Amino acid sequence: MHPHEQLLHRFYQAFQRRDHAAMAACYHPEATFEDAAFQLQGADIGKMWRMLCERGKDLRLAYNDLHADDHAGRATWDARYTFSQTGRKVHNHIQARFTFQNGLILTHHDEFSFWRWSRQALGPVGWLLGWSGFLQNKVRKSAAQGLAAYRPKLSQ
């Protein structure tokens, strides 16, 4: 197995255990992360995973179709959780793409159907506006504010 495939397995297995520290350790210090809610760099990526792991009390994750070589990698993963802002159940299907540097993740891009996610997470608002850039921008702004305001428990 290629070392970058081993790295991605380690990353997703840590995610399954909600081990945010082990997840953060998989990233290069200059890494970038992007999905429909976040655009992050460096240490903020680890902070996001910590926030999501600590808040995702019922998070269940499965991954498959994982492949990597010297330059790039990809995986498919599914997250099932309760969206904390609405209490609604979500099943999100994600395609992930990666690049690597010095044996660590340099770029990580998660792609999923925002409209599908918003219908589940936001209910009627998602059905009506989930296709729009307006709602995606609002979710992105809310996610950035939530991450900026996040204060992890001091005991961890």
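Here goes a summary of the coordinates provided. Just so you know, these numbers come straight off a predicted model, no measurement behind them.

Analysis parameters
- Residues numbered from 1 in each chain as written.
- Predicted model: local features only at pLDDT ≥ 70, side-chain atom pairs only at ≥ 80, totals over all residues.
- Heavy atoms only, no water.
- Helix = DSSP H or I, 4+ residues; strand = E, 2+ residues; numbered from the N terminus.
- Rg over C-alpha atoms; globule rule 2.2 N^0.38 Å.
- Buried < 20%, exposed > 50% of the residue type's maximum accessible area, 1.4 Å probe, protein only.
- Areas by Shrake-Rupley, 256 points an atom, 1.4 Å probe, with all protein chains shown as cover.
- Lys, Arg positive; Asp, Glu negative; His and termini not counted.
- Charge placed at Lys NZ, Arg CZ, Asp CG, Glu CD.
- Patch = residues over 30% accessible without salt bridge, like charges linked within 9 Å, V, L, I, M, F, W, Y side chains within 5 Å.
- Salt bridge = Lys/Arg side-chain N within 4 Å of Asp/Glu carboxyl O.
- Pairing = 2+ DSSP bridges.
- Axes fitted to C-alpha atoms, helices over the stretch in contact; angles between N-to-C directions.
- Contact = heavy atoms within 4.5 Å.
- 1 Å grid on protein atoms, 1.4 Å probe; cavity = no way out; pocket = protein on both sides within 12 Å on 5 of 7 lines; lining within 4 Å.
- Points joined across faces, edges and corners; volume = space filled by probe spheres on them.
- Nonpolar A, V, L, I, M, F, W, Y, C, P; charged D, E, K, R; others polar.
- Parallel < 35°, antiparallel > 145°, perpendicular 65-115°, else oblique.
- Left-handed = near helix turned anticlockwise from the far one by under 90°.

**Describing the overall build of the chain**
A count of helices and strands for the chain gives six helices and six strands. Mapped in sequence order, the helices and strands of the chain form the string α-α-β-β-α-β-β-β-β-α-α-α. Its C-alpha radius of gyration of 15 Å places the chain within 12% of the 15 Å reference for a compact globule of 156 residues. Across its three principal axes, the chain shows a C-alpha extent of roughly 45 × 35 × 25 Å. Scored against the burial criterion, the 156 residues of the chain give a buried share of 46%. Surface summary for the chain: the accessible area is close to 8,700 Å², and the carbon and sulfur share equals 54%. Treating the 20 positive side-chain charges of the chain as one cloud and the 14 negative ones as another, the clouds have centres 12 Å apart.

**Concerning the environment of glycine 133**
Its location among the elements puts glycine 133 in helix α6 (residues 133-149). Judged by relative accessible area, glycine 133 falls into the partly exposed class, the value being 44%. Placed 17 residues apart in sequence, glycine 133 and arginine 116 show a C-alpha to C-alpha distance of 14 Å.

**Considerations on a nonpolar patch on the surface**
Taken together, the side chains of Trp115, Val125, Trp127, Leu128, Leu129, Trp131 and Phe134 make up a nonpolar region of the molecular surface, amounting to roughly 820 Å² of accessible area. In this structure, tryptophan 127 sits in helix α5 (residues 124-129). Exposure remark for tryptophan 127: the relative accessible area of 51% places this residue in the exposed category.

**Topic: the sheet that holds strand β2 (residues 39-41)**
One open sheet accounts for six strands, arranged β2-β1-β6-β5-β4-β3; its pairing is mixed. Edge positions in the sheet fall to β2 and β3 (60-68), since each of these pairs with one other strand and no more. Each strand of the sheet is rotated relative to its neighbour by a mean of 15°, with strand direction disregarded. Sheet topology places strand β1 (residues 27-34) next to β2; three bridges connect them, and they run antiparallel. Residue pairing for β2: threonine 32 is matched across the bridge by glutamine 41. On top of the sheet, helix α3 (residues 43-55) reaches β1, β2 and β6 (104-111); it is set at about 60° to β1, its chief contact.

**Quick look at the layout of surface pockets**
Using a probe with the size of a water molecule, rolled over the atoms, empty space left in the structure can be pinpointed. By volume, the largest pocket amounts to about 810 Å³. Of the residues forming the lining of the largest pocket, the biggest block, six residues, is contributed by α6. Classifying every residue of the lining of the largest pocket by side-chain character gives 21 nonpolar, seven polar and four charged.

**With respect to the packing of helix α4 (residues 114-122) against α6**
In contact at an axis separation of 11 Å, α4 and α6 are set at 65° when each is read in the N-to-C sense. Relative to α6, the element α4 is oriented roughly perpendicular. Between α4 and α6 lies a crossing of left-handed hand. Of the residues in α6, those touching α4 at Phe114, Trp117, Ser118 and Leu122 are Leu135, Gln136 and Val139. The residue makeup of the contact of α4 with α6, split by class, is five nonpolar, two polar and no charged.

**Digging into the side chain of arginine 119**
Within the fold, arginine 119 resides in helix α4. Comment: no salt bridge for buried arginine 119; closest opposite-charge side chain is aspartate 78, at 13 Å. Not counting residues up to four positions away in its chain, the partners in contact with arginine 119 are Arg88, Gly126 and Trp127.

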